[in-house]
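# Remarks on the overall topology
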Amino acid sequence: MKHGLLIDMDGVIYSGETLIEGADKFIDSLLKNDIPFTFMTNNSQRTRLDVVRKLKLLGIEVTENHVYTSAMATGKFLGDQSQNGTAYVLGEGGLITSLHENGINLVNTDPEFVVLGEGRNFTLEMVQRAVDMILAGAKFITTNQDPSPKKPGWNNLGIAATTAMIEEATGRKAFVIGKPSPVMMRSARKYLGLETAETTVIGDTMETDIQGGVQMGYKTVLVLSGIAKKERLSQYAFKPDLIVSSVDQLEFPLKWW
């Protein structure tokens, strides 16, 4: 049986613009030992190339094949749902690219879907147009439900806030693609060509990475180099299979491999 990894990035590999100590050596060991892995990110704004370039600046050299985003999961989902479907998009970069690659046509009137992703270039007028489209029957899709970090000066409003605004205005709940949604967790696994029993998720957030892995029956590793705090773990009804301070503490093969 082969085994592979779905790896979160922010809080696991880097913190903001700073490499987490030992993360580069961890990725080197995966490459040298031919362990299948992909970076699994909820950010739909960046393209895979954007991600590769950021990692390279931090001293990690991987290819675009090592990146799986919520934009990719969204494009695949919509492509499977509706061949040559139409979408009105509030989003940028990676999301638009993925929708094109999956045969979704971007339109400004009468769309089948309204798709919300991260972005700073859409206006309140565009949001109002999206609201009208949803009220007229368009299906509301959001790439993820990541919250705002609630820090002064943060340059990207959390997508959960934008989603909530549209949900309140339309009375319709968004269908969420990104982790912990089974849509993305399953799609990322299949992207690596793994079975459920062969898949391990590594993340720093109980509510997304670990919850998503537990719900799918994957093994899970929580790192304490990001958001999660050890003293708060007893509050959750689920738990990871392994807890480490950071990825450089992991030894392969993992105990369940």
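For clarity, every value in this text was computed on a predicted model and none was experimentally measured. (Residues numbered from 1 in each chain as written. Predicted model: local features only at pLDDT ≥ 70, side-chain atom pairs only at ≥ 80, totals over all residues. Heavy atoms only, no water.)

### Regarding the overall build of the chain
A count of helices and strands for the chain gives 8 helices and 13 strands. Over its C-alpha atoms the chain spans a radius of gyration of 18 Å, differing by no more than 12% from the 18 Å that the globule rule assigns to 257 residues. Taken over the C-alpha atoms alone, the chain extends approximately 55 × 35 × 35 Å along its principal axes. Relative to its full complement of 257 residues, the chain shows a buried share of 50%. A separation threshold of at least 6 residues defines the contact pool for the chain, and within that pool the share at least 24 residues apart is 67%. Accessible surface, the chain: about 12,600 Å² in total, of which carbon and sulfur atoms supply 49%. (Helix = DSSP H or I, 4+ residues; strand = E, 2+ residues; numbered from the N terminus. Rg over C-alpha atoms; globule rule 2.2 N^0.38 Å. Buried < 20%, exposed > 50% of the residue type's maximum accessible area, 1.4 Å probe, protein only. Contact = heavy atoms within 4.5 Å. Areas by Shrake-Rupley, 256 points an atom, 1.4 Å probe, with all protein chains shown as cover.)

### Brief notes about the nonpolar core
Counting residues in hydrophobic clusters, the biggest one holds 28 residues, and the most contacted among them are Ile7, Ile13, Phe26, Ile27 and Ile202. Going through the elements one at a time, strand S1 (4–7), helix H1 (23–32), strand S4 (37–41), helix H2 (48–57) and strand S12 (219–223) are the ones with two or more residues in this core. For this core, the element with the most residues is H1, which contributes 4 residues. One finds Phe77, Ile104, Ile141 and Met184 within the second-largest nonpolar core, a separate group that totals 26 residues. (Core = buried A, V, L, I, M, F, W, Y, C linked by side-chain atoms within 4.5 Å.)

### Points about the domain arrangement of the chain
Here the chain is described as being made up of domain 1 (4–42 + 194–249) and domain 2 (71–176). Computed over C-alpha atoms only, the centres of domain 1 and domain 2 are separated by 27 Å. (Domains from an automatic or database assignment.)

### Here's the deal with the packing of helix H3 (residues 70–81) against helix H7 (residues 182–192)
Where H3 contacts H7, the axes come no closer than 10 Å and their chain directions differ by 95°. The angle between H3 and H7 falls in the class roughly perpendicular. Residues Ser70, Met72, Ala73, Lys76 and Phe77 of H3 lie in contact with H7, whose contacting residues are Val183, Met184, Ser187 and Tyr191. Counted by class, the contact of H3 with H7 contains 6 nonpolar, 2 polar and 1 charged residues. (Axes fitted to C-alpha atoms, helices over the stretch in contact; angles between N-to-C directions. Parallel < 35°, antiparallel > 145°, perpendicular 65-115°, else oblique. Nonpolar A, V, L, I, M, F, W, Y, C, P; charged D, E, K, R; others polar.)

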